[in-house]
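The chain contents come next:
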Amino acid sequence: MKFADNLFELYLRHFEEKEFLEVFIHSVLEQMDHDDLLEVFEGCPKDELDEILGGYLNSKLETKITSVPEETKLP
């Protein structure tokens, strides 16, 4: 993904270690509005969109599954 590649280059210009990565990503996203985000996704091929959405949904569903009380889970 070109956006990720550009962020990676920008990150390496300012930092050498991984410890600031999460803060860096969140600060970039905070500066983007809805239209900026849509523009990034419009430039992605379908396989990258599948990967992005798949990762997001996997994370969300895992969180929900682990937070469901054991007695309400299906066998």
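Residues numbered from 1 in each chain as written. Predicted model: local features only at pLDDT ≥ 70, side-chain atom pairs only at ≥ 80, totals over all residues. Heavy atoms only, no water.

### Concerning the overall build of the protein chain
Link 1 in the chain: Across its full length, the protein chain holds 4 helices and 0 strands.
Link 2 in the chain: Overall, the protein chain shows an N-to-C arrangement of helices and strands of α-α-α-α.
Link 3 in the chain: Put simply, the protein chain shows about 6800 Å² of open surface, and 59% of that area lies on carbon and sulfur atoms. (Helix = DSSP H or I, 4+ residues; strand = E, 2+ residues; numbered from the N terminus. Areas by Shrake-Rupley, 256 points an atom, 1.4 Å probe, with all protein chains shown as cover.)

### Quick look at the nonpolar core
Link 1 in the chain: Residues Leu-7, Tyr-11, Phe-24, Val-28, Met-32 and Val-40 constitute the largest nonpolar core, which totals 6 residues.
Link 2 in the chain: Looking at this core, the elements that each hand over two or more residues are helix H1 (2–14) and helix H2 (21–30).
Link 3 in the chain: What Val-28 contacts, discounting residues up to four positions off in sequence, is Phe-3 and Leu-7. (Core = buried A, V, L, I, M, F, W, Y, C linked by side-chain atoms within 4.5 Å. Buried < 20%, exposed > 50% of the residue type's maximum accessible area, 1.4 Å probe, protein only. Contact = heavy atoms within 4.5 Å.)

### Thoughts on a negative patch on the surface
Link 1 in the chain: Where like charges cluster on the molecular surface, the negative patch consists of Asp-33, Asp-35, Asp-36, Glu-39 and Glu-42.
Link 2 in the chain: Checked against the element boundaries, Glu-39 lands in helix H3 (residues 34–42). (Patch = residues over 30% accessible without salt bridge, like charges linked within 9 Å, V, L, I, M, F, W, Y side chains within 5 Å. Salt bridge = Lys/Arg side-chain N within 4 Å of Asp/Glu carboxyl O. Lys, Arg positive; Asp, Glu negative; His and termini not counted. Charge placed at Lys NZ, Arg CZ, Asp CG, Glu CD.)

### Quick notes on a nonpolar patch on the surface
Link 1 in the chain: Where nonpolar side chains cluster on the molecular surface, the patch consists of Leu-21, Ile-25, Leu-29, Leu-37, Phe-41, Leu-49 and Ile-52 and spans about 470 Å² of accessible area.
Link 2 in the chain: For the nonpolar patch, the secondary structure elements donating two or more residues are H2, H3 and helix H4 (46–67).
Link 3 in the chain: With 3 residues, the single largest contributor to the nonpolar patch is H2.
Link 4 in the chain: On the secondary structure map, Leu-21 appears in helix H2.

### Some thoughts on the packing of aromatic side chains
Link 1 in the chain: Across all of its chains, the model carries 4 aromatic pairs by this definition.
Link 2 in the chain: Here the aromatic rings of Phe-15 and Phe-24 are separated by 6.3 Å at their centres, their planes lie at 70 degrees, and the arrangement is edge-to-face.
Link 3 in the chain: Classification of Phe-15 by relative accessible area gives partly exposed; the value is 25%.
Link 4 in the chain: Through a chain of ring-to-ring contacts, the aromatic side chains of Tyr-11, Phe-15, Phe-20 and Phe-24 assemble into a single cluster. (Phe/Tyr/Trp six-rings, centres within 6.5 Å; stacked < 30°, edge-to-face > 60°.)

### A word on the packing of H1 against H2
Link 1 in the chain: At their nearest, the axes of H1 and H2 sit 11 Å apart, and the two run at 120 degrees to each other. Considering their axes alone, H1 and H2 lie oblique with respect to each other. Crossing handedness for the pair H1 and H2: right-handed. Along its contact with H1, which presents Phe-3, Leu-7, Leu-10 and Tyr-11, the element H2 presents Leu-21, Phe-24 and Val-28. (Axes fitted to C-alpha atoms, helices over the stretch in contact; angles between N-to-C directions. Parallel < 35°, antiparallel > 145°, perpendicular 65-115°, else oblique. Left-handed = near helix turned anticlockwise from the far one by under 90°.)

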